[in-house]
Amino acid sequence: MPFCLFYARSAGVLLLMSLLLGCAASPRLNDSTLNNLPPGDLLKEVPFYAQRDYQCGPASLAMVLNAAGVNVEMENLIPQVFIPGRKGSVQSEMLATVRRHGMIPFPIEGSLDALLTQLASGQPVVVLQNLALPVWPMWHYAVAIGYDLPTRTLTLHSGEISNHEMSLSRFDATWARSERWGFTIMSPGSVPEAIRPFRAIEAISTFESVQGVQAALPSWKALVNTHPDSAMGHFALGNAHYAVGEIKKSRQALEQAVLLDESLGVAWLNLGLIERQLNNDVEARRALSRAAALTGPWQTKAQETLNTL
Amino acid sequence: MMKKLRLYLTPLLITAFLIGSMPVAATPHGQAETGLVSTQAALSADSSSAERERISEVLARADVQEQLLAQGVSLDEVEKRVAALSDAEVHQMAEQLEQLPAGAGGGVIGALFAVFIILLVTDILGLTDVYPFTR
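This one's a predicted model, so the numbers in the text were calculated from it and none came from an experiment.

Cut-off values and rules
Residues numbered from 1 in each chain as written. Chains lettered and ligands numbered in written order. Predicted model: local features only at pLDDT ≥ 70, side-chain atom pairs only at ≥ 80, totals over all residues. Heavy atoms only, no water. Helix = DSSP H or I, 4+ residues; strand = E, 2+ residues; numbered from the N terminus. Buried < 20%, exposed > 50% of the residue type's maximum accessible area, 1.4 Å probe, protein only. Contact = heavy atoms within 4.5 Å. Phe/Tyr/Trp six-rings, centres within 6.5 Å; stacked < 30°, edge-to-face > 60°. Polar contact = N/O pair within 3.5 Å; in protein donor to acceptor, adjacent residues only side chain to side chain. Buried area = accessible area lost by both parts, 1.4 Å probe. Salt bridge = Lys/Arg side-chain N within 4 Å of Asp/Glu carboxyl O. Expected span 1.5 Å × (residues − 1). Domains from an automatic or database assignment.

### Details of the overall build of chain B
At step 1: Assigned secondary structure in chain B consists of 8 helices and 0 strands.
At step 2: Start at the N end of chain B and walk to the C end: the helices and strands fall as α-α-α-α-α-α-α-α.
At step 3: Burial analysis of chain B (135 residues in total) assigns 32% to the buried set.
At step 4: Of the contacts formed within chain B by residues at least 6 apart in sequence, a portion of 53% connects residues at least 24 apart.

Spelled out as structure tokens, the structure:
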């Protein structure tokens, strides 16, 4: 699994690979990306920490965490993500460490368009590259901090090099081998622009299971502001309100969820359970009947609850 | 001396750990007590929404759109087609997309991808019959 390039030892190999990869085709960008994004951007406020040995994972995390205002040193991150036996850090642990520091990691869509969109909105992105070939991987984490469309380059804080400029096509070739894996981080209460609702919902939900509902609630609110049409988003917000004891607000959010998607059985079910708790028998019966009429995993529970009324 | 210390310390430590873990075991699990379905549970039961989103992501890629355009098929048409798929068919399509290599540039990978798209498009046009979800 992922380990990082040790530059001193691998410089010759890298040179050879560069020659081999030089002929990679230029990656395509969507017209909407080219038309809507500024021609270039460089996030100068992202600090640079040179990696030591194979520790590109902790170094990359320290850069994005510090840029987001989290006061943590690379030395403290090393024992949290670095696995000495594998000379590297695995992807899930990178995300878990971000959560441990109270921030939410949002894996981005695997495309250059998505990457540039994040950079244009001011968000650095941690990317996983395979700098060598699939049969002989050389995994490496770096932080994308800028791009320039006229010259078709990407700028990264990478390994021991700060502001490393790389052609988009070469970067994309190395990034594609990790299935274009990358993530951006946000503090609770913010949701990255241009991330589809389900990606965001999954990211916040995982954060919630680690840091608790109270910590995640601001993000659920931000999510429904960014994606007012997401029924699942309103459902999640309703659950969070309920868990912190705000029952009225919870009901309101769940009502919004079923208004947006009346086939969302699980929202009807939770709405019915809340109405029952508030002793609104008529409303409870109505919501539970809707849930019980929809085939799916929640039908049985809805019917059982309906029978107890 | 060391041995004696260990003799006394071990049962003490075990008791301390046991007591320490008890309140955790006794605490009710938040929402489970009230019976509301948690967001995590709802998400894992509803995989098709996430899969539909993943298909949209693939269709949003410039290289995919280029392939579709080269075949003379509008993106609109494919999107409508995907919207009309059942949850089971969406699952099947997402799985097939998952198995595709994400790489670009490489000749073999590009060819594999082109074959998939061409077959998908010809399926939709009714010329071939490779993927059951286009029926």
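The rest of the description comes next.
### Digging into the packing of aromatic side chains
Residue and element names in this part refer to chain A.
At step 1: This model, assessed by the stated rule, comprises 3 aromatic pairs over all chains.
At step 2: Residues tyrosine 141 and tryptophan 181 carry aromatic rings whose centres are separated by 6.3 Å and whose planes lie at 65° to one another, so their mutual orientation is edge-to-face. Of this pair, tyrosine 141 sits in strand β4 (residues 139-148) while tryptophan 181 sits in the loop between α7 (168-176) and β7 (182-186); the two residues are 40 residues apart in sequence, bridging distant segments of the chain. Considered together, tyrosine 141 and tryptophan 181 belong to a single accessibility category, that of buried residues.
At step 3: Relative to phenylalanine 183, the ring of tryptophan 181 has its centre 5.5 Å away and its plane inclined at 65°; by these criteria the two rings are edge-to-face.
At step 4: Among the aromatic residues, those joined into a cluster by ring pairs are Tyr141, Trp181 and Phe183.

### Comments concerning the side chain of glutamine 123 of chain A
Residues and elements named next belong to chain A.
At step 1: Looking at where glutamine 123 falls in the secondary structure, it is placed in the loop between α6 (112-120) and β3 (125-130).
At step 2: A polar atom in the side chain of glutamine 123 sits 2.9 Å from the backbone oxygen of isoleucine 185.
At step 3: When near neighbours in sequence (up to four residues on either side) are disregarded, glutamine 123 contacts Leu43, Gln118, Thr184, Ile185 and Met186.

### Comments concerning the interface of chain B and chain A
At step 1: At the interface, 28 residues of chain B touch 36 residues of chain A.
At step 2: Between chain B and chain A, a total of about 2600 Å² is buried, with carbon and sulfur atoms accounting for 58% of that surface.
At step 3: Inspection of the region where chain B meets chain A yields 1 salt bridge.
At step 4: Close ionic contact of arginine 199 of chain A with glutamate 57 of chain B constitutes a salt bridge, the shortest N to O distance being 2.7 Å.
At step 5: Across the contact surface, chain B and chain A share 9 residue pairs in polar contact (both at pLDDT 80 or more).

### Topic: helix α12 (residues 265-277) of chain A
At step 1: Helix length check: α12 of chain A, at 13 residues, gives a terminal C-alpha distance of 18 Å against a target of 18 Å (1.5 Å per residue), a fit within 8%.
At step 2: With respect to burial, α12 of chain A is a largely interior element, 11 of its 13 residues being buried.
At step 3: The inward-facing, buried residues of α12 of chain A contact α10 (231-243), α11 (247-260), α13 (281-293) and α14 (299-308) of chain A together with α3 (39-45) of chain B.
At step 4: One or two steps after α12 of chain A, the chain reaches asparagine 279 of chain A, where phi turns positive at roughly 65°.

### Concerning helix α8 (residues 197-211) of chain A
At step 1: When the terminal C-alpha atoms of α8 of chain A are compared, their 21 Å separation across 15 residues agrees well with the 21 Å that a helix rising 1.5 Å per residue should span.
At step 2: By the burial criterion, the buried members of α8 of chain A are Phe198, Ala200, Ile201, Ala203, Ile204, Ser205, Phe207 and Glu208 of chain A.
At step 3: On its buried face, α8 of chain A sits against α5 (91-100), β2 (104-107), α9 (213-226) and α10 of chain A together with α3 and α4 (47-60) of chain B.

### A word on the domain arrangement of chain A
Residue and element names in this part refer to chain A.
At step 1: Under the domain assignment, chain A is made up of domain 1 (31-186) and domain 2 (197-308).
At step 2: Across the contact, 10 residues belong to domain 1 and 9 residues belong to domain 2.
At step 3: Between domain 1 and domain 2, the buried area comes to about 750 Å², and carbon and sulfur atoms account for 67% of it.
At step 4: Remark: the boundary between domain 1 and domain 2 carries 0 salt bridges.
At step 5: Where domain 1 packs against domain 2, one counts 3 residue pairs in polar contact (both at pLDDT 80 or more).

### Overview of the environment of asparagine 279 of chain A
At step 1: Tracing the backbone through its elements, the reader meets asparagine 279 of chain A in the loop between α12 and α13.
At step 2: Put simply, asparagine 279 of chain A and valine 98 of chain A are 181 residues apart on the chain and 42 Å apart in space, counted from C-alpha to C-alpha.

### Quick word on the pattern of salt bridges
Residues and elements named next belong to chain A.
At step 1: A complete count under the given rule lists 6 salt bridges over all chains for this structure.
At step 2: For the salt bridge of glutamate 75 with arginine 52, the shortest nitrogen-to-oxygen distance reads 3.1 Å. With a gap of 23 residues between them, glutamate 75 in helix α4 (residues 74-81) and arginine 52 in the loop between β1 (40-42) and α3 (56-67) connect regions that are remote in the sequence.
At step 3: For glutamate 75, a relative accessible area of 40% corresponds to the partly exposed category.
At step 4: Residue classification places arginine 52 among the partly exposed residues on the basis of a relative accessible area of 43%.
At step 5: Of the charged contacts, one joins arginine 196 and glutamate 109 as a salt bridge, the two residues approaching to 3.0 Å between their closest N and O atoms. One end of the pair, arginine 196, is in the loop between β7 and α8; the other, glutamate 109, is in the loop between β2 and α6, and 87 residues separate them in sequence.

### Some remarks on the side chain of glutamate 109 of chain A
At step 1: Look at glutamate 109 of chain A and you get buried, because its relative accessible area is 12%.
At step 2: Within the structure, glutamate 109 of chain A has its side chain in polar contact with the side chain of arginine 196 of chain A (distance 3.0 Å).
At step 3: Aside from chain neighbours lying at most four places away, what touches glutamate 109 of chain A is Ala114, Arg196 and Arg199 of chain A together with Glu57 of chain B.

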